[in-house]
Amino acid sequence: MEKEKIEKYGNELYEALKNRKVIEPLTSRETNITIEDAYSIQHHFLARRLNDDKSEIIGKKIGVTSKVVMDMLGVHQPDFGYLLSDMIYNDGDVIDVTNTMIQPKAEGEIAFVLKEDLIGPGITTADVLRATKFVMPCFEIVDSRIKDWKIKIQDTVADNASCGYIVFGGQFVDPKDIDLITCGITLERNGELLHTGAGAAALGSPVNAVVWLANKLGEFGVGLKAGEVILSGALCAMVTIQAGDNMTINIGGIGSASCRFV
């Protein structure tokens, strides 16, 4: 895709974020858009946020880690986006959904915090476990800038993997002390149990998801850095949220995270 179009769509996504407006799917306007084009648009969108908003990169997220979502988007690999310093909330925080988001949904995940760099290719599960300082429960609040969530893989990649905000739980656990494949998750809204899942939902294990990301980024000469937070993918179905909702997740052996939307 021509540089002018890459910048045009990246600017559209940035303006949509700032003005809380949706745009038409990129794939409906560019029928030949590739995933590589989409990552180029993502990078321009990201550059606007780093330069104009003075945000900083604090980590990365992995999306499209379940077979159901892969089948829905017609792809057979995950995607990734970047986590920024202005995306962060903590356990128990009250979040203004009305004035900061467009069409948000919440999903429960396990976040990895690294103590060592991981630079692919050739990263293994043992490497990820050795490089991880701790894991913690978190919500990812996804929020698409694409109208009505009518996304294909290229749309969500360009839109920074539909990342909105992150809510971190307050518990920190050594990943070697738990079974990340079988650990169960429950997701509740206003006290009602909506979904359950397990670590295996994320590429068979959240560790596998981080392995994939490290090796995929290695293809571009990019590494995962010590101190970064890595979101490893949803462990159960996402839930639409609105003002008035109280959300809680519990992950076996790790802990919980909660937040309230106003």
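The structure this text deals with has already been given above.
Residues numbered from 1 in each chain as written. Predicted model: local features only at pLDDT ≥ 70, side-chain atom pairs only at ≥ 80, totals over all residues. Heavy atoms only, no water.

A. Geometry of the environment of Gly108. Mapped onto the fold, Gly108 is located in strand S5 (residues 104–114). We classify Gly108 as buried; its relative accessible area is 0%. As for Gly108 and Thr98, which are separated by ten residues in sequence, their C-alpha atoms are 21 Å apart. Among all residues touching Gly108, those that are not within four sequence positions of it are Cys138, Ile185, Leu187, Gly233, Ala234, Leu235, Cys236 and Ile249. (Helix = DSSP H or I, 4+ residues; strand = E, 2+ residues; numbered from the N terminus. Buried < 20%, exposed > 50% of the residue type's maximum accessible area, 1.4 Å probe, protein only. Contact = heavy atoms within 4.5 Å.)

B. Focus on the pairing of strand S6 (residues 132–143). Burial of S6 is extensive: eleven of the twelve residues sit out of reach of the surface. Relative to S6, S5 is paired through eleven bridges, and the arrangement is antiparallel. What sits directly across from Lys105, in S6, is Val142. (Pairing = 2+ DSSP bridges.)

C. Representation of the layout of surface pockets. The volume enclosed by the second largest pocket comes to roughly 230 Å³. In this structure, the second largest pocket is lined by 15 residues; those nearest its centre are Leu17, Lys18, Arg49, Thr100 and Tyr165. Elements that contribute at least two residues to the lining of the second largest pocket include exactly helix H1 (3–19) and strand S7 (163–168). No other element matches the three residues that S7 contributes to the lining of the second largest pocket. Looking at the lining of the second largest pocket residue by residue, the class counts come to five nonpolar, three polar and seven charged. (1 Å grid on protein atoms, 1.4 Å probe; cavity = no way out; pocket = protein on both sides within 12 Å on 5 of 7 lines; lining within 4 Å. Points joined across faces, edges and corners; volume = space filled by probe spheres on them. Nonpolar A, V, L, I, M, F, W, Y, C, P; charged D, E, K, R; others polar.)

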